[in-house]
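Residue-level listing of the chains:
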Amino acid sequence: MLRMLALLLSLPLAGGDQDSKELARALAGPTRAAPEHLTLVDLPKPTGESIALFDGKSLDGWQPWLGYADPAITYRGDPVAAPIGTSRDTSGDFAVRIINGEPAIWVKGETWGSLVHRADLRDYHLRLEFKWGPKRWAPRAALPPNNGLLYHTHGRPGEVFGTWQPSVEFEIMQGSTGMLVMVGKALRARTNVAFDDSLVAPHLRFRTEGRVVDMINGTATWNVEAAVDAEKSGGEWNVLDLYVLGDRAVHVVNGVPVAEAKDLATIGSNGKRMALTHGRIQLQSEGAETCFRHITVEPIRSLPRIVAARG
């Protein structure tokens, strides 16, 4: 692991596709991302009551936060503009609507930001359903619809790019739902990867028997693609299951396990790694109209296991 970290920090971020592929090969080793058939076993039994984080009537318990009026400046290191934050009415950004005959949290997606739930969660199984709405917004209007379930949220509102709080991300993006992403420069997670040259940079895909890498925002391991694309076709509801126990997590999409993380951590001001074992959740707004419903959480004392078969 120390050798991998030294390699990661010693090589610059790739300036071109070939450079980024060479770096990915060096990090992941010679094994390519051969298909795996993944199943989830030993599902934990809840150790307490299931709690609804969405009451079906209101956004009680959820705090909105909005980034910049022009989302195109979000990733510019030090934008001149200040984020909107909570300075305006957000009822046109987040609301409760009846979708397919049931109440859901509606996220417009035009202005980037998030809804942050007030509950500080640890050792839990969270389940929600999501579906895409028809609208897409600049600067992602021509890109795959994008959103995210951010967990172990901590820190101050807008700390990351003026728009989100530091978190681990269960990516919700068409073609990549379940991908692992580090939101914030001090976040860390370890996972198993293989090189996949069919992917855009960083060309790393979750594989159960792949090489362990340390995920670091702003480097060539800032995200790791889901094992497979298990999302349903556009317009259908998808079920996401997130299992978290201490500093470990399992991502599941429509019953298919697609990623696993361990050693979730933050890096303190003294440079030391500190286990990240709890936090709030965020529902992102990032350029695509999205609906969420049936958001529940229940306590657990063990994680399910991912079993892989090649083929």
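Computed from a predicted structure; not experimentally measured.

Undergrad: How should the layout of surface pockets be read in this particular structure?
TA: If you roll a probe as big as a water molecule over the atoms, it shows you where there is empty space left. A volume near 750 Å³ is recorded for the largest pocket. Around the largest pocket, the lining is made up of 32 residues, and of these Y75, E171, V181, W222 and N223 lie nearest the centre. Looking at the lining of the largest pocket, the elements with two or more residues in it are β9 (167-173) and β10 (180-183). Looking at the lining of the largest pocket residue by residue, the classes come out as 17 nonpolar, nine polar and six charged. What the second largest pocket holds in volume is close to 250 Å³. Considering the residues around the second largest pocket, the lining is formed by 20 residues, among which E159, V160, F161, G184 and K185 are closest to the centre.

Undergrad: What is the right way to read the pattern of salt bridges from this model?
TA: Note that side chains of opposite charge can pair when their charged atoms are close. A complete count under the given rule lists 11 salt bridges for this structure. With a shortest N-O distance of 3.2 Å, R190 and D263 are connected by a salt bridge. Here R190 is found in strand β11 (residues 187-195), whereas its partner D263 is found in strand β17 (residues 256-267), with 73 residues between them in sequence. Notably, a salt bridge pairs R273 with D214, separated by 2.9 Å at the nearest N-O pair. Taken together, the residues span a long stretch of sequence, with R273 in strand β18 (residues 273-275) and D214 in strand β13 (residues 211-216) at a distance of 59 residues.

Undergrad: Sorry, what's going on with the pairing of strand β3 (residues 62-66) here?
TA: In summary, the side chains of a regular strand alternate between the two faces of the sheet. For β3, the buried fraction is high: four of the five residues fall into the buried class. Examined bridge by bridge, β3 and strand β6 (residues 113-117) share five bridges and lie antiparallel to one another. Across the sheet, residue P64 finds its bridge partner in β6, namely L115.

Undergrad: Looking at this model, I keep getting lost on the sheet that holds β10. Mind explaining?
TA: Hydrogen bonds between backbone groups are what pair the strands of a sheet, and the pairing can be parallel or antiparallel. Ordered by their spatial adjacency, seven strands build an open sheet running β3-β6-β19-β8-β9-β10-β14, and the pairing between neighbours is antiparallel. The open sheet is flanked by β3 and β14 (223-224), the only strands paired with a single partner. Here β6 runs beside strand β19 (residues 280-285); their pairing, made up of four bridges, is antiparallel. When the bridges of β19 are listed, G113 appears paired with S285.

Cut-off values and rules
Residues numbered from 1 in each chain as written. Predicted model: local features only at pLDDT ≥ 70, side-chain atom pairs only at ≥ 80, totals over all residues. Heavy atoms only, no water. 1 Å grid on protein atoms, 1.4 Å probe; cavity = no way out; pocket = protein on both sides within 12 Å on 5 of 7 lines; lining within 4 Å. Points joined across faces, edges and corners; volume = space filled by probe spheres on them. Helix = DSSP H or I, 4+ residues; strand = E, 2+ residues; numbered from the N terminus. Nonpolar A, V, L, I, M, F, W, Y, C, P; charged D, E, K, R; others polar. Salt bridge = Lys/Arg side-chain N within 4 Å of Asp/Glu carboxyl O. Buried < 20%, exposed > 50% of the residue type's maximum accessible area, 1.4 Å probe, protein only. Pairing = 2+ DSSP bridges.

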